[in-house]
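Descriptive structure summary
One-letter residues, chain by chain:
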Amino acid sequence: MLFVFFWGANFILAEIALAEMSPISFSVSRFAMGGIAMFLVMYLQYRTACSKTSHEVPFLPKIKKEDWPRLLFVSVIGATLAPWLGIEGLGLTHGARASLWLALGPAISTGIGYFFSTEQMGKFGYAGVLLAVIGTAVLAWDGLRPEQGYWLGDLILIVALALTVIELHAIKPLAREYGSVSIVALRTAIGGALYILIATPDLIEVTWLSLGLWTWIAIIAGGAIGVGVGQWVKVRALKILGPTQVVLYGNMVPIAALVIAWLSIGVNPNMMEIISAVFIITGAIFIQVVDNEAGATPEVQKKKEEDLTFFAETKQEN
């Protein structure tokens, strides 16, 4: 629950930091901090595993030659393009609104999986997709209103979300072969290196010593704790609570972002944003939890449970 509010606060901290930094320079700085923290946590887990066995334990898996094209593809779209477009879209809207768009991930993912016959969906799943579509329509209509002017930011956030969903489906075979935590770490390292290279001109222009306290908190805490340690928290929670509860907590992040934005920087969500939040989050719960538990055969139930676990492990709050 603590990390739900922390991840929600990440959106608001990003909004504050963008007043002093360009979107890409802030995003890549936070992303780098998250990657360093993630590998540090992995190394500590690796040392612990080595102390418990006499056999050699690899720190990272050896990737087969035929799997490298897929790994490079998911690295570019998931760890370079998606966070880049995501922070650009946030800069054109606001943090709480960006968190609502990202909450559409389960609905889009389920729709793509159903279209390509890689996932099965029951009546509650259909209901969840319908609710998410209604919430999307409300949020999109709100962004098109002249007094809002969020349409371009909304469009960029939708593209970033689409890339994230494509990555989620493309990375599944790799995660099952090599382990989700290891493959996400590799994808972060490869895509992050390209991201830093692209952002280098903007990073050079940043006057680092003049940045305010909250901007540094957004970079260090938002990256190291929110992304790096947060990944470890999710993996631990999956083992103790189970994937269903973890996903339910994850769906509360947009609510936390809306509340924190209201309390901290005085951003009051309008009625259309509140209505869309109700539809989108309820739809996500129907798709990820209710439909997962209703009317499935043991084989389908097992596959859905595996997919739910994978989604909870690999979902990033960038």
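For the structure, check the block above.
The rules behind the values
Per chain, the residues get numbers from 1 upward, laid out in the order the sequence is written. Only residues with pLDDT of at least 70 get local features here, since the model is predicted, and only at 80 or more are side-chain atom pairs given and counted; chain-wide, interface and lining totals rely on the full set of residues. Neither water nor hydrogens contribute to the side-chain values; these are computed over all heavy atoms in the structure. Each helix is a run of H or I in the DSSP string that is no shorter than four residues. Each strand is a run of E no shorter than two, and both are numbered from the N terminus. By definition, residues are in contact when any of their heavy atoms lie within 4.5 Å. In short, Shrake-Rupley with a 1.4 Å probe defines the accessible areas, and a residue's cover is counted only from the protein chains shown. Exposed residues in this analysis have more than 50% of their type's maximum accessible area, buried residues have under 20%, and partly exposed residues fall in between, with area computed by a 1.4 Å probe over protein chains only. Only four residue types enter the charge count, namely Lys and Arg as positive and Asp and Glu as negative; His and the chain termini do not. Salt bridge, as used here: a side-chain nitrogen of Lys or Arg that lies within 4 Å of a carboxyl oxygen of Asp or Glu. A helix is expected to reach a length of 1.5 Å times the quantity of its residues less one. Two axes are fitted around each residue, one to the seven residues ending there and one to the seven starting there, and the angle between them is reported as the bend at that residue. Angles shown run from 0 to 180 degrees and are taken between the N-to-C directions of axes, each axis being a line fitted to C-alpha atoms and, for helices, limited to the stretch in contact. Put simply, angles under 35 degrees are roughly parallel, angles over 145 are roughly antiparallel, angles from 65 to 115 are roughly perpendicular, and the rest are oblique. Crossing handedness is defined as follows: a turn of the near helix away from the far one that is anticlockwise and smaller than a right angle gives a left-handed crossing, while the clockwise case is right-handed. Any residue that is not Ala, Val, Leu, Ile, Met, Phe, Trp, Tyr, Cys, Pro, Asp, Glu, Lys or Arg is counted as polar, Gly included; the first ten are nonpolar and the last four charged. Only buried residues count toward a nonpolar core. Its members are Ala, Val, Leu, Ile, Met, Phe, Trp, Tyr and Cys residues joined through side-chain atoms within 4.5 Å. Think of it this way: a Phe, Tyr or Trp ring, Trp meaning its six-membered ring, pairs with another when their centres are within 6.5 Å, and the plane angle makes it stacked under 30 degrees, edge-to-face over 60, tilted otherwise.

1. Some details on the overall build of the chain
Of regular secondary structure, the chain possesses 13 helices and 0 strands. Put simply, the chain runs from its N terminus to its C terminus through helices and strands in the order α-α-α-α-α-α-α-α-α-α-α-α-α. The contacts of the chain with a sequence gap of at least 6 include a subset with a gap of at least 24, amounting to 87%. Surface accessibility of the chain: about 15,100 Å² in total, with carbon and sulfur atoms responsible for 70%.

2. A few points about the environment of Gly 128
Structurally, the position occupied by Gly 128 is in helix α6 (residues 123–144). Accessibility expressed as a relative area gives 0% for Gly 128, which makes it buried. Separated by 157 residues in the primary sequence, Gly 128 and Ile 285 have C-alpha atoms spaced 7.3 Å apart. For Gly 128, the residues in contact, after removing those within four places along its chain, are Gly 283, Phe 286 and Ile 287.

3. A word on the side chain of Asp 67
Residue placement: Asp 67 occurs in the loop between α2 (23–51) and α3 (68–92). Here Asp 67 occupies a buried position and makes no salt bridge, while the nearest side chain of opposite charge, Lys 64, is found at 5.4 Å. Excluding anything up to four places from it in sequence, Asp 67 contacts Leu 174 and Tyr 178.

4. Points about helix α7 (residues 151–178)
For α7, with 28 residues, the first-to-last C-alpha span of 40 Å sits near the 40 Å given by 1.5 Å per residue. The largest bend along α7 reaches roughly 40 degrees and is located at Ile 171, with the proline Pro 173 sitting one to four residues downstream. Looking one or two residues beyond α7, the residue adopting positive phi is Gly 179, at roughly 100 degrees.

5. Focus: helix α4 (residues 95–102)
Among the 8 residues of α4, 7 are classified as buried, and the element is accordingly described as predominantly covered. For α4, every residue scored as buried is listed here: Gly 95, Ala 96, Arg 97, Ala 98, Ser 99, Leu 100 and Trp 101.

6. Things to note about the side chain of Ser 276
Secondary-structure assignment places Ser 276 in helix α12 (residues 271–293). Non-local contacts of Ser 276, meaning those with residues more than four positions away in its chain, are made with Leu 100, Gly 135, Val 138 and Leu 139.

7. Quick look at the packing of α3 against α7
Where α3 meets α7, the axes come as close as 8 Å, and the angle between the chain directions of the two elements is 160 degrees. In terms of orientation, α3 and α7 fall into the roughly antiparallel class. Two packed elements cross with a definite hand, and for α3 against α7 that hand is left-handed. The residue inventory of the contact of α3 with α7, partitioned by class, reads 20 nonpolar, 5 polar and 3 charged.

8. Side note on the nonpolar core
If you look at the biggest cluster of nonpolar residues, it comprises 47 residues, and the most contacted ones within it are Phe 11, Met 21, Phe 26, Ile 87, Leu 90, Leu 104 and Tyr 195. By residue number, the principal contributor to this core is helix α1 (residues 2–17), which donates 9 residues. Residue contacts for Phe 26: discarding those within four places in its chain leaves Ala 14, Ala 17, Leu 18, Met 21, Ile 87, Ala 218 and Ile 219. The next biggest cluster of nonpolar side chains, apart from the first, holds 14 residues, and it includes Met 38, Leu 71, Ile 171 and Ala 185.

9. Things to note about the packing of α4 against helix α11 (residues 253–264)
Between α4 and α11, the least distance of the axes is 8 Å, while the angle of their chain directions is 170 degrees. With respect to their mutual orientation, α4 and α11 come out roughly antiparallel. Where α4 approaches α11, its residues Ala 96, Ser 99 and Leu 100 are matched on the opposing element by Pro 254, Ala 257, Leu 258 and Ala 261. For the contact of α4 with α11, the residue count by class is 6 nonpolar, 1 polar and no charged.

10. Some words on the pattern of salt bridges
Here the idea is simple: oppositely charged side chains can pair when their charged atoms come close. Overall, the coordinates contain 5 salt bridges when judged by the stated rule. Notably, a salt bridge pairs Glu 177 with Lys 64, separated by 3.2 Å at the nearest N-O pair. Of this pair, Glu 177 sits in helix α7 while Lys 64 sits in the loop between α2 and α3, and the two are 113 residues apart along the sequence. What makes Lys 64 partly exposed here is its relative accessible area of 40%. Among the charged side chains, a salt-bridge network with shared partners connects Arg 97, Asp 142, Asp 154 and Glu 273.

11. Description of the environment of Ala 261
Within the secondary structure, Ala 261 is located in helix α11. For the pair formed by Ala 261 and Ala 9, sequence separation is 252 residues and the distance between their alpha carbons is 7.9 Å. Apart from the residues within four sequence positions on either side, Ala 261 is in contact with Ile 12, Ala 96, Gly 266 and Val 267.

12. Let's talk about the packing of aromatic side chains
On inspection of all chains with the given rule, the structure shows 4 aromatic pairs. Ring centres 6.0 Å apart and planes at 40 degrees place the aromatic pair Trp 208 and Trp 216 in the tilted group. What makes Trp 216 partly exposed here is its relative accessible area of 31%.

So yeah, pure geometry; function would need other evidence.
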